[in-house]
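Per-entry structural report
So you can see what is in the structure, the chains are spelled out below.
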Amino acid sequence: MRVEVKTGDGRKLVAEEWGEPDGLPVLLHHGTPGSRLGTALADVVRRHPQFRFFSYDRPGYGESDRRPGRRVADAAADAVAVADALGVGAFAVVGRSGGGPHALACAALLPERVTAVAVLVGLAPRDAARLDWFAGMTPYNVAYYSLAMCDPAALERRITPRAEEIRRDPGRLIDELRRDLADVDLPVLEDEQVRRMLLDNYREALRTSAHGWLDDSLAFCRPWGFEPGSITCRALLWHGAEDCFTPAGHFRWLAAHIPGSTTVLVPGAGHFAAQYALSDALGWLL
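As a further point, take the pattern of salt bridges. Overall, the coordinates contain 25 salt bridges when judged by the stated rule. The salt bridge partner of Asp 216 is Arg 58, with a shortest N-O separation of 2.7 Å. Linking Asp 216 in helix H9 (residues 211–220) with Arg 58 in the loop between strand E4 (51–56) and helix H2 (75–85), this pair joins segments that are 158 residues apart in sequence. Judged on exposure class, the residue Asp 216 and its partner Arg 58 are both buried. Taking the shortest distance from any N to any O, the salt bridge between Arg 113 and Asp 84 comes out at 2.9 Å. In this pair, Arg 113 sits in the loop between helix H3 (99–109) and strand E6 (114–120) while Asp 84 sits in helix H2, placing the two residues 29 residues apart along the sequence. When its relative accessible area of 15% is taken as the criterion, Arg 113 is described as buried. For Asp 84, a relative accessible area of 46% corresponds to the partly exposed category.

Below, the structure written as structure tokens:
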């Protein structure tokens, strides 16, 4: 069910709710670029009927209003606005890839609402101490994040026409990503269910602008506005050892700085293996 939510500062967020109305509420944070349509495969309700899922398009994606200059920390207030609009009290949070930092923000800043957090192939902060942030990262991501740090205007000039091309043909992004992915990721992209979800996800994410993609990239490279070490709820970190989009060094840094976190590093798995790892995370939540 699609829902439009008004935030406290008057912005519109487009949210989605599905699953068992009386189930355990779980907020799913989408990746980058992404939308609420890219948080789970189509069979998630059949496989996990115990859950009530909800998600929303981050500001600037889909029809959600942009919030210029947003920080990763700002996801906490938006999550509360969506949860309140849906009548959800306490909830768990799962974030995949670019959704990982936003899930951590909810866990750190909403201790009275968030019961547990799971991060699948998530980034560490750009200013993380003693982490070589770019080590092992694909040139595709290095180029984008380097521009985010040193020349945001140039990044916007680069992203805007690409978003227009992907809006017309979302399969274009999948084909471009394929060139930089680890070999272990390629069979995942051949999965028809995964490909169908990704096409819907990218089409919805970029159908009005490239602002969400741009603002995510900038937010990851600025101070996040919270410390992952302040998280006190249960935390799961899942990562593919062969991930070259979010290298495993990010996972190791988060594991060392989030007290008591449960950690899973999977040999022979890459970035897109996280499409299947949601089932593991949901089992852990129970």
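Further notes follow.
Once that is clear, we can look at the nonpolar core. Within the largest apolar cluster, 82 residues are counted, with the highest numbers of intra-cluster contacts made by Phe 91, Leu 104, Val 117 and Trp 213. Here the element with the most residues in this core is H2; it accounts for seven residues. Those residues in contact with Leu 104, other than ones at most four positions away along the chain, are Val 117, Val 119, Trp 224, Phe 226, Ile 231, Leu 254 and Ile 258. With 23 residues, the next largest nonpolar core counts Phe 51, Ala 92, Ala 274 and Ala 277 among its residues.

Bringing the sheet that holds strand E7 (residues 234–240) into the picture now. Taking strand neighbours across the sheet as the criterion, the eight strands line up as E1-E2-E4-E3-E5-E6-E7-E8 in an open arrangement whose pairing is mixed. Lying at the two open borders of the sheet, with one neighbouring strand each, are strand E1 (2–6) and strand E8 (262–266). Neighbour-to-neighbour, the strand axes of this sheet turn through a mean angle of 20 degrees, independent of strand direction. The sheet contact formed by strand E3 (residues 24–29) and E4 spans four bridges and is parallel. Among the inter-strand pairings, Pro 25 is bridged to a residue of E4, identified as Arg 52. Contacts between H2 and the sheet are confined to E1, strand E2 (12–19), E3, E4 and strand E5 (91–96), with E4 contributing the most and set at about 125 degrees to the helix.

Let us now look at empty space enclosed by the protein. Per the stated rule, a full pass over the model turns up five cavities of 30 Å³ or more. Lining the largest cavity are 25 residues, with Thr 32, Pro 33, Ser 97, Phe 245 and His 271 sitting closest to its centre. For the lining of the largest cavity, the secondary structure elements donating two or more residues are helix H4 (139–150), helix H6 (171–180), helix H8 (192–205) and H9. Counting residues per element, the lining of the largest cavity draws most heavily on H4, which supplies four residues. Considered class by class, the residues forming the lining of the largest cavity number 13 nonpolar, eleven polar and one charged.

Our focus in this paragraph is the packing of aromatic side chains. For the coordinates displayed, the defined rule picks out ten aromatic pairs. Summarising the aromatic geometry, the rings of Tyr 140 and Tyr 144 are spaced 5.3 Å apart at their centres and angled 20 degrees between planes, so their arrangement reads as stacked. Placement of both Tyr 140 and Tyr 144 in helix H4 is noted, with a separation of four residues, approximately one turn of the helix. A relative accessible area of 15% places Tyr 140 in the buried class. Taken together, a centroid distance of 6.4 Å and an interplanar angle of 70 degrees make the contact between Tyr 145 and Phe 220 edge-to-face. Taken together, the residues Tyr 145 in helix H4 and Phe 220 in helix H9 connect sequence positions 75 residues apart. Like Phe 220, Tyr 145 is buried. For the cation-ring pair, Arg 234 lies above Trp 284, with the distance from its terminal atom to the ring centre recorded as 4.3 Å.

Once that is clear, we can look at the layout of surface pockets. By volume, the largest pocket amounts to about 230 Å³. Lining of the largest pocket is provided by 14 residues; of these, Leu 37, Ala 40, Leu 41, Ala 42 and Met 197 occupy positions nearest its centre. Listing elements by their share of the lining of the largest pocket, those giving two or more residues are E2, helix H1 (44–47) and H8. In terms of residue class, the lining of the largest pocket is made up of eight nonpolar, two polar and four charged.

What counts and what doesn't
- Residues numbered from 1 in each chain as written.
- Predicted model: local features only at pLDDT ≥ 70, side-chain atom pairs only at ≥ 80, totals over all residues.
- Heavy atoms only, no water.
- Salt bridge = Lys/Arg side-chain N within 4 Å of Asp/Glu carboxyl O.
- Helix = DSSP H or I, 4+ residues; strand = E, 2+ residues; numbered from the N terminus.
- Buried < 20%, exposed > 50% of the residue type's maximum accessible area, 1.4 Å probe, protein only.
- Core = buried A, V, L, I, M, F, W, Y, C linked by side-chain atoms within 4.5 Å.
- Contact = heavy atoms within 4.5 Å.
- Pairing = 2+ DSSP bridges.
- Axes fitted to C-alpha atoms, helices over the stretch in contact; angles between N-to-C directions.
- 1 Å grid on protein atoms, 1.4 Å probe; cavity = no way out; pocket = protein on both sides within 12 Å on 5 of 7 lines; lining within 4 Å.
- Points joined across faces, edges and corners; volume = space filled by probe spheres on them.
- Nonpolar A, V, L, I, M, F, W, Y, C, P; charged D, E, K, R; others polar.
- Phe/Tyr/Trp six-rings, centres within 6.5 Å; stacked < 30°, edge-to-face > 60°.
- Lys NZ or Arg CZ within 6 Å of the ring centre and 35° of its normal.

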